[in-house]
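Structure at a glance
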Amino acid sequence: MLSRENNQLITETGRDTPLGRFMRQYWIPVLRSSQVKPGAAPLRVTVMSDQYVIFRSPNGEVGVMNEACPHRGASLAMARNEENGLRCVYHGWKMNPAGQLVDAPTHPADAILHDIKTGAHPVHEGQGIIWAWLGERTNNSSPPKFRALAFTDLPDSHVITATAIVNCNWLHPLETLWDVFHAQILHNETNRNSSRGKAYFSNAGRRTDSGVEFDYPEMHAQSTDYGFSYQNIDAAKKTHFEFILPFIQHHAIAPGLTADKGLQISVPIDDDHAMLWIIFYNRHHPLQPDGFALQNLASIPNLDNFLEELGERTAENRWGQDRAAVDRGESFAGFGNKKTMLINIFAEDLAVIESQGRADRSKEYLAPVDNALVKGRKTIIDAVKYFEKGQLPLGRDSDLTNIEAGFEVDRK
Ligand code: FES
Ligand SMILES: [Fe+2]
């Protein structure tokens, strides 16, 4: 249970909110690289309720700029993508990728233009991801160095990424990863029917009175200097998870030391939508067709919207639930039959988390298995308050290259 004040603090990310100021201190993944073609129309992207355009110059350089033209605010989504910059179609101002005005037909030919600048943001590109740093730079201060993660030095053959927009607050996808226990119930049949099913259940656990067999875990969570880590230990397995502030979650996807690993990043679009990133990688070898990553993502037609097949999810259609399958006793939750196990899992997750709406966390009854969830919320609240007191944003400058999830099964 959370006070209303803290509920607001961990969900609202506009420019003038404490969390919004805090999140803008970190590098943020904004688009998959393959979406941004050289010389093509700039793409409109909303991050934490602010509008940007992202483009690739004809020479291949990526720019992330405020959408509004600095002259009188026309959208630079319509701008011409010329050599060395965007040219607004209204009065022809041209800004280079650093945001500097370099040509202005509105001014005398000999006018000095160099003190006119628009918001242009530092960019890092790698592993098929465009990252931007969207913080304020006071007195031309430098942005923080790009923060490397466990996969950011790997060749492209070792990494696969996918994105989708989800219709809920940015915190919900993270909360559902902190809430490991729900995989025993909501995802029970999807996990049992999957390649990791054997590792997932002991087959000697408890049963609901309707016959769903599950393993009741021990959960442990500890603070780290970049977020928190937690373990889920049950009769079948021991899994280990790492949360990295402000929005990165390494989560256990497949058993074994050299198996593929995964993380999700939940980036607020506004306070009711988020861009969800899936990143799967393998540090030991290129991704293999029989590994978790390719088994689940290679057949997805559109990795820029990997949830396309789920279609509309609303209260009117019970968030896509196949009620007839539940009534016939064929399915516990009624979200099966998707192309891959991963999409099945997301169909189940999104139905429940989108149905929560603007969750009022002051009205919850939390259970013992919610302890990592409690830890996650507290981690964010404490980090934001610490930053608001003038301290450095936690973990922003940490070495995170060896931080990742674990999934052990040899427990018997
Ligand atoms: S509004 Fe863009 S040049 Fe005038
Ligand atoms: Fe889930």
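What counts, and at which threshold
What you see as residue numbers is a count from 1 along each chain, following the sequence as written. The order in which chains are written sets their letters, starting at A; the order in which ligands are written sets their numbers, starting at 1. Owing to the predicted nature of the model, reporting of local features is limited to residues with pLDDT of at least 70; listing and counting of side-chain atom pairs is limited to 80 or more, with chain, interface and lining totals taken over all residues. Neither water nor hydrogens contribute to the side-chain values; these are computed over all heavy atoms in the structure. Secondary structure elements follow DSSP: runs of H or I of four or more residues count as helices, runs of E of two or more count as strands, with numbering from the N terminus. Here the globule rule is a power law, 2.2 Å times the number of residues to the power 0.38, and the radius of gyration is based on C-alpha atoms. Under the scheme applied here, a residue whose accessible area is under 20% of the maximum for its type counts as buried, over 50% as exposed, and between as partly exposed, the area being computed with a 1.4 Å probe on protein chains only. In this analysis, two residues are considered to be in contact whenever any of their non-hydrogen atoms come within 4.5 Å of each other. Per-residue and other accessible areas follow the Shrake-Rupley method at a 1.4 Å probe size, with only the shown protein chains counted as cover for residues. How far each domain reaches was decided by an automatic or database domain assignment. Simply put, the buried area is the total loss of 1.4 Å probe accessible area from both parts when two parts are fitted together. The working definition used for a salt bridge is a side-chain nitrogen of Lys or Arg within 4 Å of a carboxyl oxygen of Asp or Glu. The term polar contact refers here to a pair of N or O atoms within 3.5 Å; inside protein, the definition further demands a hydrogen-donor-capable atom paired with an acceptor-capable atom, and it admits residues adjacent in sequence only when both atoms are side-chain atoms. Throughout, an axis means a line fitted to C-alpha atoms (over the contacting stretch in the case of helices), and angles, computed between N-to-C directions, take values from 0 to 180 degrees. Each angle receives one of four descriptions, namely roughly parallel if under 35 degrees, roughly antiparallel if over 145, roughly perpendicular if within 65 to 115, and oblique otherwise. When the near helix sits turned anticlockwise from the far one by under a right angle, the crossing is termed left-handed; a clockwise turn instead gives a right-handed crossing. Residue classes follow a fixed rule: Ala, Val, Leu, Ile, Met, Phe, Trp, Tyr, Cys and Pro count as nonpolar, while Asp, Glu, Lys and Arg count as charged, and any other residue, Gly among them, counts as polar. Strands were regarded as paired on the criterion that DSSP finds at least two bridges between them. With water omitted from the atoms examined, metal sites may look incomplete; donors here are N, O and S atoms no farther than 2.8 Å from the metal, or 3.2 Å in the case of Na, K and Ca. Between 85 and 135 degrees for all angles marks four donors as tetrahedral; over 155 degrees for opposite donors together with 65 to 115 for all other angles marks four donors as square planar and six as octahedral; every other arrangement is irregular.

With respect to the overall build of the protein
Along the backbone of the protein there are 10 helices and 21 strands. For a compact globule of 412 residues, the expected C-alpha radius of gyration is about 22 Å, and the protein comes in at 23 Å, within 12% of that figure. Principal axes of the C-alpha set define a box for the protein whose edges measure 80 × 45 × 45 Å. Taking all 412 residues of the protein together, the buried fraction comes to 56%. Contacts spanning at least 24 positions in sequence make up 60% of the contacts within the protein whose residues lie at least 6 apart. Per element, the accessible surface of the protein, about 18,400 Å² overall, is 49% carbon and sulfur.

Side note on the domain arrangement of the protein
Under the domain assignment, the protein is made up of domain 1 (38-140) and domain 2 (156-408). On a C-alpha basis, the centres of domain 1 and domain 2 stand 35 Å from each other. Facing 8 residues of domain 1, the contacting portion of domain 2 comprises 11 residues. Both faces combined, the contact of domain 1 with domain 2 buries some 750 Å², and carbon together with sulfur accounts for 67% of it. Broken down residue by residue, the surface that domain 1 buries against domain 2 is led by Met48, Gln127 and Ile129, which jointly contribute 49%. At the boundary of domain 1 with domain 2, the tally comes to 0 salt bridges. Where domain 1 meets domain 2, there are 3 residue pairs in polar contact (both at pLDDT 80 or more). For the side of domain 1 that touches domain 2, the secondary-structure elements that each account for two or more residues are β2 (43-47) and β11 (129-133).

Examining the packing of helix α3 (residues 171-178) against helix α10 (residues 371-388)
Contact geometry of α3 with α10 gives a least axis separation of 8 Å together with a crossing angle of 140°. In terms of orientation, α3 lies oblique with respect to α10. Here α3 runs over α10; the crossing is right-handed. Here α3 contributes Leu171, Glu175 and Trp178 to the contact with α10, which in turn contributes Ala372, Leu373, Gly376, Arg377 and Ile380. A per-class count over the contact of α3 with α10 returns 5 nonpolar, 1 polar and 2 charged.

Details of the sheet that holds strand β10 (residues 123-126)
Read across the sheet, 3 strands follow the order β1-β11-β10 without closing on themselves; strand pairing throughout is antiparallel. Only two strands of the sheet have a single neighbouring strand rather than two, namely β1 (27-32) and β10. On average, each strand axis in the sheet is inclined to that of its neighbour by 30°, with strand direction left out of account. Here 4 bridges tie β10 to β11, and the two strands are oriented antiparallel to one another. Within β11, the position partnered with Gly126 by the bridge is Ile129.

A short note on the side chain of Asn282
Residue placement: Asn282 occurs in the loop between β20 (273-281) and α7 (292-297). A polar contact of 2.9 Å, which involves the side chain of Asn282, links it to the backbone oxygen of Thr258. Beyond its immediate stretch of four places on either side in the chain, Asn282 contacts Leu154, His158, Thr258, Ala259, Asp260 and Leu287.

Looking at the pairing of strand β3 (residues 50-56)
Buried residues dominate β3, accounting for 6 of its 7 residues. The pairing of β2 with β3 spans 5 bridges and is classified as antiparallel. For Val45, the partnering residue across the bridge sits in β3 and is Tyr52. The hairpin turn running from β2 into β3, its antiparallel successor, is 2 residues long, and Met48 in that turn takes a positive phi close to 50°. Two strands pair when backbone bridges link them, and β3 and strand β4 (residues 62-66) are joined in this way by 5 bridges, in the antiparallel orientation. Each bridged residue has a counterpart across the sheet, and for Ile54 the counterpart in β4 is Val64. Where β3 folds back onto β4 in an antiparallel hairpin, the turn is made up of 5 residues, including Gly60, whose phi is positive at roughly 100°.

Looking at the sheet that holds strand β6 (residues 85-87)
Across the sheet, 4 strands lie side by side as β5-β6-β7-β8; this open sheet has antiparallel pairing. Each of the sheet's edge strands pairs with one partner strand only, and the pair in question is β5 (80-82) and β8 (101-103). Pairing between strand β7 (residues 94-95) and β8: 2 bridges, direction antiparallel. Within the sheet, the bridge partner assigned to Lys94 lies in β8 and is Asp103.

A few points about the coordination of the iron ion (ligand 2)
Summarising the metal site, the iron ion (ligand 2) is bound by the protein donors His182 (NE2), His187 (NE2), Asp349 (OD) and Asp349 (OD), whose distances to it range over 2.0 to 2.4 Å. In this structure, the iron ion (ligand 2) is surrounded by 4 donor atoms whose angles at the metal cover 58 to 149°, and the resulting shape is irregular. The motif formed by the donor residues of the iron ion (ligand 2), counted along the single chain, is H-x4-H-x161-D. One exposure class covers both His182 and His187, and it is buried.

Things to note about the pattern of salt bridges
With the rule as written, the count across this model stands at 25 salt bridges. Residue Arg361 pairs with Glu175 through a salt bridge whose shortest N-O separation is 2.9 Å. Of this pair, Arg361 sits in the loop between α9 (341-355) and α10 while Glu175 is found in helix α3, placing the two residues 186 residues apart along the sequence. Of the two residues examined, Arg361 and Glu175, each falls in the buried class. Between Arg283 and Glu404 there is a salt bridge whose closest N-O contact spans 3.3 Å. Residue Arg283 is found in the loop between β20 and α7, and its partner Glu404 is found in the loop between α10 and β21 (406-408); the two are separated by 121 residues along the sequence. Judged by relative accessible area, Arg283 falls into the partly exposed class, the value being 33%. Residues joined in a network through salt bridges with shared partners are Arg80, Glu82, Arg87, Lys94 and Asp103.

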